[in-house]
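Listed here are the chains, written in short residue letters.
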Amino acid sequence: MLLTIDAGNTRTKWAVFSGNGEITQQGSCFNDALLKADLTPQALGYQRVIISNVAGVAHADKLEQLLTPYDLPIDWVKASAQACNVTNGYIEPETLGTDRWAALIAAWHMQHAPCIVVNAGTAVTIDALAQVTDDALTHATDDKAEFIGGMILPGLNLMQASLGIATAQLPKHNAIQNFNTDTITENAITDIFAKSTAQAIYVGALHAVSGAITRMAEALKNKCGVVPLIVLSGGNAAIINKDLAETVTNETVIVDNLVLTGLYLLNCSKQ
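Residues numbered from 1 in each chain as written. Predicted model: local features only at pLDDT ≥ 70, side-chain atom pairs only at ≥ 80, totals over all residues. Heavy atoms only, no water.

## Topic: the overall build of the chain
When helices and strands are tallied, the chain shows 9 helices and 12 strands. The proportion of buried residues among the 271 residues of the chain is 44%. Excluding contacts between residues fewer than 6 apart, the proportion of contacts in the chain whose partners are at least 24 apart in sequence is 58%. With an accessible surface of roughly 13500 Å², the chain has 52% of that area assigned to carbon and sulfur atoms. (Helix = DSSP H or I, 4+ residues; strand = E, 2+ residues; numbered from the N terminus. Buried < 20%, exposed > 50% of the residue type's maximum accessible area, 1.4 Å probe, protein only. Contact = heavy atoms within 4.5 Å. Areas by Shrake-Rupley, 256 points an atom, 1.4 Å probe, with all protein chains shown as cover.)

## Some remarks on the pattern of salt bridges
All told, the structure shown has 3 salt bridges when counted by the stated rule. Notably, a salt bridge pairs Asp-6 with Lys-13, separated by 3.7 Å at the nearest N-O pair. For Arg-100, the salt bridge identified is with Asp-127, shortest N-O distance 2.6 Å. Within this pair, whereas Arg-100 is found in helix α3 (residues 98-111), its partner Asp-127 is found in strand β9 (residues 123-134), the two being separated by 27 residues in sequence. Each member of the pair, Arg-100 together with Asp-127, is buried. (Salt bridge = Lys/Arg side-chain N within 4 Å of Asp/Glu carboxyl O.)

## Concerning the packing of helix α7 (residues 197-224) against helix α8 (residues 237-245)
Contact geometry of α7 with α8 gives a least axis separation of 10 Å together with a crossing angle of 70°. Relative to α8, α7 is oriented roughly perpendicular. Counted together, Tyr-202, Leu-206, His-207, Val-209, Ser-210, Ile-213 and Thr-214 of α7 and Ile-239, Ile-240, Asp-243 and Leu-244 of α8 form the full contact between these two elements. A class-by-class count of the residues in the contact of α7 with α8 yields 7 nonpolar, 3 polar and 1 charged. (Axes fitted to C-alpha atoms, helices over the stretch in contact; angles between N-to-C directions. Parallel < 35°, antiparallel > 145°, perpendicular 65-115°, else oblique. Nonpolar A, V, L, I, M, F, W, Y, C, P; charged D, E, K, R; others polar.)

## Some points on the nonpolar core
With 33 residues, the main nonpolar core has Trp-101, Leu-129, Leu-263 and Leu-266 as its most contacted residues. Mapped by element, the contributors of at least two residues to this core are β2 (11-17), α3, β8 (115-120), β10 (139-154), β11 (229-233) and α9 (258-270). Among the elements that line this core, the one with the most residues is α3, at 8 residues. With residues up to four places along the chain from it excluded, the contact list for Leu-129 reads Val-86, Leu-104, Ala-107, Trp-108, Ala-113, Pro-114, Cys-115, Ala-145, Glu-146, Phe-147 and Leu-220. (Core = buried A, V, L, I, M, F, W, Y, C linked by side-chain atoms within 4.5 Å.)

## Considering the side chain of Asp-127
Exposure remark for Asp-127: the relative accessible area of 1% places this residue in the buried category. Side chain to side chain, Asp-127 and Arg-100 meet in a polar contact 2.6 Å long. Look past the residues within four positions of Asp-127 in its chain and what remains in contact with it is Arg-100, Leu-104, Cys-115, Ile-116, Val-117, Phe-147, Gly-149, Gly-150 and Met-151. (Polar contact = N/O pair within 3.5 Å; in protein donor to acceptor, adjacent residues only side chain to side chain.)

## Some remarks on the confidence of the model for the chain
The predicted coordinates ought not to be read in detail in places where the model reports low pLDDT. For the chain, per-residue confidence averages 87 on the pLDDT scale, and 86% of positions sit at 70 or higher. This model gives residues 178-186 a pLDDT under 50, and the stretch forms 9 contacts once residues within four places in sequence are excluded. (pLDDT = per-residue confidence, 0-100.)

## Overview of the packing of aromatic side chains
Going through the model one piece at a time under the given rule, you end up with 2 aromatic pairs. Note on Phe-17 and Tyr-264: the rings are 4.9 Å apart at their centroids and 15° apart in plane angle, and the pair reads as stacked. In this pair, Phe-17 sits in strand β2 while Tyr-264 sits in helix α9, placing the two residues 247 residues apart along the sequence. We classify Phe-17 as buried; its relative accessible area is 3%. (Phe/Tyr/Trp six-rings, centres within 6.5 Å; stacked < 30°, edge-to-face > 60°.)

## Focus on the sheet that holds strand β3 (residues 23-30)
Sheet strands pair via backbone hydrogen bonds, and the direction of the pair is either parallel or antiparallel. Judged by pairing direction, the sheet is mixed, and its 5 strands sit side by side in the order β3-β2-β1-β4-β5 without closing on themselves. Two strands in the sheet have a free side with no partner beyond their single neighbour: β3 and β5 (74-76). The average angle at which neighbouring strand axes cross in this sheet is 15°, direction not considered. As defined by bridge partners, strand β1 (residues 2-7) adjoins β2 across 6 bridges and the pair is classed as antiparallel. By the bridge assignment for β2, Thr-4 is matched with Ala-15. Across the sheet, α9 touches β1, β2, β4 (48-53) and β5, and the angle it forms with β1 is around 130°. (Pairing = 2+ DSSP bridges.)

## Description of α8
Residues Ala-237, Ile-240, Asn-241, Asp-243 and Leu-244 constitute the buried set of α8. One face of α8 carries all of its buried residues, which in axial projection span an arc of 165°. Exposed positions of α8 whose direction lies more than 90 degrees from the buried face are Ala-238 and Ala-245. (Arc of directions from axis to C-beta.)

## Some points on the environment of Tyr-202
Mapped onto the elements of the fold, Tyr-202 is located in helix α7. As a C-alpha pair, Tyr-202 and Gln-160 span 42 residues in sequence and 6.5 Å in three-dimensional space.

## Notes on the environment of Val-54
Structurally, Val-54 is set in the loop between β4 and α2 (57-67). By relative accessible area, Val-54 is classed as partly exposed at 28%. It is 7.2 Å that separates the C-alpha atoms of Val-54 and Asp-99, two residues lying 45 residues apart in sequence.

Here's what the structure looks like:
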């Protein structure tokens, strides 16, 4: 049994995978509550650990504090030039975020087709995954992919909060989050023709993210000659997916535990 841990900017998620890839237990907590989480082998029944940490050194120290007393193998993932039939196209492959790397590997394993891989959390990452073309045969192979690059932008909450911090008269983030939706329709909340400042800020953030995804999907289509899938994960995946449904014809899919699944696959590749 394998404990996979995805330590993000705001939350830490975990899941235990059986030998055949089924999740037997899972959970999450805010990062500042990590030391209260029960990650003991007795509670979760694992024998190995693999971790993606983008939350910094101090958070890694907390994970070490929780896990090292059990003297079990711990693998701290780093991005590499190639793994699980996916090539990393970054100029310096090891600098790619480990959560993005794991998500790309999981997306390829699930789809085996060109796709845009989106992780919509505190930040939004939008990454392009293309099939590798065999130059000798001049056609795409079935089992190999390349991460050809991507974008990072502030997430929905962070984008809204930045306006409250940097401007004097625009509403603060908590006011935006809590604006009264009882007296307006659901469509009005995401209507591009917003009728209040709070709605305008929210809609601006949402369409900025959706527009970046749409732009990336169009660019990958032009490069690969096929319409890519859009694979969404993260806390804001559902609202972004709903907005995309209004504007794109690409097939979209929300995948829970995308990073954790990628960690499981990376572990399998090392066995």
